[in-house]
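Architecture and fold: a report
Given next are the chains, with one letter for each unit.
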Amino acid sequence: MDLEVKGVAASPRCQTQSFSGRKKPLQQGWTSKSWAIQNPCLPVVPRLDLGSLIDSDEEEQDIIPEDLPAPTGKYKLKYQQYKTEMKEAYKQYSQRNAEKTKSNTTRQTSPRDKIEDKCVPGEAAMMGDLTTLDRKALLQQCFADNPDHVLQSTRKSNAEIVAAEKKKQTVAEQVMIDHLSRAVISDPEQNLTTEKQEAACILPDSNITPLRFRKRTLHETKIRTHSTLTENMLSHKVQFEGRIISRNGRDACRELVGFFFIHDQSLTIYEYRQFGKNRTNVLPFIQKNIYSHQRGRRKGKPYQLGDFYIGANLTFLSSDHSRLPESIKENTLLILRITNIDRKALETLRTNSVGHEGDIISQEAKDRLVFQAIQDKLKEQLHKKGVRIFTGLGKYFQQLDKEGNGLLDKADFKQALKVFHLEVSEEDFESSWLILNDSGDGRVDYGEFRRAVIGEMNEYRKSFVRKAFMKLDFNKTGSVPIIDIRKCYCAKKHPQVISGHSTEEEIKLSFLETLKDACSKSDEVSYGEFEDYYEGLSIGVVDDEDYVTILRTPWGI
């Protein structure tokens, strides 16, 4: 069939002309209308042959072969086995579905309800007097059962050792630079001149101007003074790391590095600050000077080499240091705990040092025995209930502290022990009170009372608690929102999640519920509350590496 447009027949010649005409560009002055008049032939749509199409049903009938061989006995047997297995699986699925539907009608199950029935394997017989919060808190101890934690902790500890050595070297170099420069430039003898030079009124711009009028730098100093420090004198020192004992998160997480110099029995403390991954800064925190104990059996005695060991407390009067942060100045005393020390340097210098009086050492030993006896008795009572009691005591003490200075009297402490069913004999309580109330004013810091009577974890464990909190508190505000904790907490490697007994959400909910119970605010966690939680958890963990794994695994530190 031939098509005709506006009386012009469509012929092959016309088709060729139309396509060839399109390839040529329009000449100058031509429009699309004039081009259509010169090329009247349009392309033709090809014809559709409907007879060549086949119905889909007929096509399927042609594809399927008609003569199929009969199945053999082997395939019949396989088909029968498959049919039996499918029926059995469907039967089991129907039973499980029916049981699930039945349980949902009686009680709507939630992850929180599920977790209440889970406890540490093999300890069900010992759960008689434990509450739901106790059982949920004990789930965190299961992280220590992760089989991969040994290899992971080895890799991370090696990296931590390298970072710690780099930090020590950075601080030591800054201390040497500061004190060598200050000793020369700011020495009073640099300004002294002879009487003749003072009598002769020499103009400041003269070549023989007195040294006090000259602009000098360290390397241009001409006067050698008797008190000038040298690098050799400053090298006889003991380097130690410390932390501030405080419930304020910003102060408790400060990284402090101190030095005790043998030549004059002086000490100084620097703060190490890290901004990002590569930028660091080292600033003086306690100026170099000779300091004395401000409390305890050695009050008023200068610090000596024997006062420096892991776990020792250094006390300073806040009023003597004007550059301290305002949050620290609020307290009369600044208490600094030594967390690590250069053992090699300590042993080398200890042979030439003068020891303390024997009577003071014996009295301190007796004090430690008194506290240790009380702690041993309470440890049995705190077994598996440490998280609830530690966090509860922290909140209870804060409620009793109406003035907000952290000090309570004897009646308050007795009442707290009674409320939390901690049995301490009257004799033991009076003995501990005489030691703690060294000032005689009848009031004691409740944090110090709890550390002395109930005990505390060692500094190795506490260093990882601080690392975990510092990772969460990246803004260094001293508190962390619950939302951030929920985001950072990872329960993927929990043994019960790996075995399929619990889900990640169930483990996370159990942790958040026990942590919220320790908080005074529902939407954030302070450092003191975070520390109380893991302080209570530490009581039930014997091995230090197991405890470190409990912190490393969910927080990724």
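Just so we're clear, the structure is a prediction, and the values are computed from it rather than from any experiment.

This part covers the overall build of the chain. Along its length, the chain carries 23 helices and 12 strands. On the chain, roughly 34700 Å² of surface is accessible, and the fraction owed to carbon and sulfur atoms is 53%.

This part is about the packing of aromatic side chains. Per the stated rule, a full pass over the model turns up 24 aromatic pairs. Ring centres 5.9 Å apart and planes at 55° place the aromatic pair F413 and W433 in the tilted group. Of this pair, F413 sits in helix 15 (residues 410–419) while W433 is found in helix 16 (residues 426–436), placing the two residues 20 residues apart along the sequence. An identical accessibility class is assigned to F413 and W433; each is buried. In textbook terms, an aromatic cluster arises when at least three aromatic residues are bridged by ring pairs, as seen for F143, F469, Y489, F511, Y527, F530, Y533, Y534 and W555. The residue whose ring lies beneath K467 is F464, and the NZ or CZ to ring-centre distance is 4.7 Å.

Take the nonpolar core next. Grouped together as the largest cluster of nonpolar side chains are 37 residues, with contacts concentrated most on I485, F511, F530, Y533, Y534, L551 and W555. Not counting chain neighbours up to four residues away, the residues in contact with I485 comprise L472, V480, F511, L512, L515, V525 and W555.

As a further point, take unusual backbone geometry. At Q265, a position not held by glycine, the phi torsion is positive, near 60°. By the element assignment, Q265 lies in the loop between strand 4 (255–261) and strand 5 (266–275). Positive phi values are uncommon outside glycine, yet H421 reaches one of about 55°. Examined against the element boundaries, H421 turns out to sit in the loop between helix 15 and helix 16. Residue class for H421 comes out exposed when judged on its relative accessible area of 67%.

Turning to the pattern of salt bridges, a few remarks are in order. Taken as a whole, this structure holds 29 salt bridges when the rule is applied. In this structure, K329 engages E326 in a salt bridge whose closest nitrogen and oxygen atoms are separated by 3.9 Å. Of the two residues, K329 and E326 both sit in helix 11 (residues 326–329), 3 residues apart, roughly one turn of that helix. Judged by its relative accessible area of 58%, E326 is exposed. In this structure, the salt-bridge partner of E524 is K521, at a minimum N-O distance of 3.3 Å.

What follows deals with the packing of helix 14 (residues 386–400) against helix 22 (residues 527–538). Viewed as axis vectors pointing N to C, helix 14 and helix 22 meet at an angle of 145°, and their least axial separation amounts to 7 Å. Read as a crossing pair, helix 14 and helix 22 show a hand that is right-handed. Judged by residue contacts, G386, V387, F390, T391 and G394 of helix 14 engage D532, Y533, E535, G536 and L537 from helix 22. Among the residues forming the contact of helix 14 with helix 22, the class breakdown is 4 nonpolar, 4 polar and 2 charged.

Looking now at the packing of helix 15 against helix 16. It is at 12 Å that the axes of helix 15 and helix 16 come closest, and there the two elements cross at 140°. Between helix 15 and helix 16, the interaxial angle falls into the category oblique. Crossing of helix 15 against helix 16: the hand is right-handed. The segment helix 15 lies against helix 16, with K410, F413, K414 and L417 engaging E426, F429, E430 and W433. Tallied by class, the residues present in the contact of helix 15 with helix 16 amount to 4 nonpolar, no polar and 4 charged.

What follows covers the side chain of Q141. Topologically, Q141 is positioned in the loop between helix 6 (132–138) and helix 7 (149–185). With residues up to four places along the chain from it excluded, the contact list for Q141 reads L537, G540, V541 and I550.

An ideal rise of 1.5 Å per residue puts 20 Å on 14 residues; helix 21 (residues 504–517) measures up with 20 Å between its terminal C-alpha atoms. When we look at burial in helix 21, the residues that qualify are E506, I507, K508, S510, F511, L512, T514 and L515.

The subject of this paragraph is the sheet that holds strand 3 (residues 237–244). As summarised here, the arrangement of the 6 strands in space is 6-5-4-3-8-7, forming an open sheet in which the pairing is antiparallel. Both edges of this open sheet fall to strand 6 (279–289) and strand 7 (313–317), since each of them pairs with a single strand only. Sheet twist, expressed as the mean angle between neighbouring strand axes with direction ignored, is 35°. Across the sheet, helix 12 (residues 343–350) lies against strand 3 and strand 8 (333–341), angled at about 130° from strand 3, the strand it touches most.

This next bit is on the side chain of D473. Take D473: it is sitting in the loop between helix 18 (459–472) and strand 11 (479–481). Notably, D473 is buried but unbridged: the nearest opposite-charge side chain belongs to R250, and the N-O separation is 6.9 Å. When sequence neighbours within four positions are dropped, the list of residues in contact with D473 reads G478, S479 and V480.

With that out of the way, let us pick up the environment of R243. Tracing the chain through its elements places R243 in strand 3. The exposure class assigned to R243 is buried, which follows from its relative accessible area of 5%. Sequence separation between R243 and I338 is 95 residues, and the spatial gap between their C-alpha atoms is 6.7 Å. Those residues in contact with R243 that lie beyond four places of it in its chain are A252, I335, L336, R337, T339, E456, E459, K462 and R466.

Here we come to the pairing of strand 4. For strand 4, the tally of buried residues reaches 6 of 7 residues, placing the bulk of the element in the interior. Bridge count between strand 3 and strand 4: 6 bridges; the pairing is antiparallel. Note that in strand 4 the partner of Q239 across the bridge is F259. What sits between strand 4 and strand 5 in their antiparallel hairpin is a turn of 4 residues, with Q265 showing a positive phi close to 60°.

Per-residue confidence for the chain averages 76 on the pLDDT scale, and 69% of its residues sit at or above 70. The secondary-structure element of the chain with the lowest mean pLDDT is helix 5 (residues 111–116), recorded at 42, while strand 7 shows the highest, at 93. Throughout residues 56–62 the model reports pLDDT below 50, and contacts reaching past four residues in sequence, or to other chains, amount to 1 contact. Within the model, pLDDT remains below 50 along residues 104–128, and this stretch shows 35 contacts once partners closer than five positions in the same chain are excluded.

In this model helix 18 runs 20 Å from its N-terminal to its C-terminal C-alpha over 14 residues, within 8% of the 20 Å that 1.5 Å per residue would give. Regarding helix 18, the residues found buried are E459, R461, K462, F464, V465, R466, A468, F469 and L472. The residue sitting at the N-terminus of helix 18 and contributing the capping side-chain oxygen is N458; that oxygen lies 3.3 Å from the backbone nitrogen of Y460.

Rules of the game
Residues numbered from 1 in each chain as written. Predicted model: local features only at pLDDT ≥ 70, side-chain atom pairs only at ≥ 80, totals over all residues. Heavy atoms only, no water. Helix = DSSP H or I, 4+ residues; strand = E, 2+ residues; numbered from the N terminus. Areas by Shrake-Rupley, 256 points an atom, 1.4 Å probe, with all protein chains shown as cover. Phe/Tyr/Trp six-rings, centres within 6.5 Å; stacked < 30°, edge-to-face > 60°. Buried < 20%, exposed > 50% of the residue type's maximum accessible area, 1.4 Å probe, protein only. Lys NZ or Arg CZ within 6 Å of the ring centre and 35° of its normal. Core = buried A, V, L, I, M, F, W, Y, C linked by side-chain atoms within 4.5 Å. Contact = heavy atoms within 4.5 Å. Salt bridge = Lys/Arg side-chain N within 4 Å of Asp/Glu carboxyl O. Axes fitted to C-alpha atoms, helices over the stretch in contact; angles between N-to-C directions. Left-handed = near helix turned anticlockwise from the far one by under 90°. Nonpolar A, V, L, I, M, F, W, Y, C, P; charged D, E, K, R; others polar. Parallel < 35°, antiparallel > 145°, perpendicular 65-115°, else oblique. Expected span 1.5 Å × (residues − 1). Pairing = 2+ DSSP bridges. Lys, Arg positive; Asp, Glu negative; His and termini not counted. pLDDT = per-residue confidence, 0-100. Polar contact = N/O pair within 3.5 Å; in protein donor to acceptor, adjacent residues only side chain to side chain.

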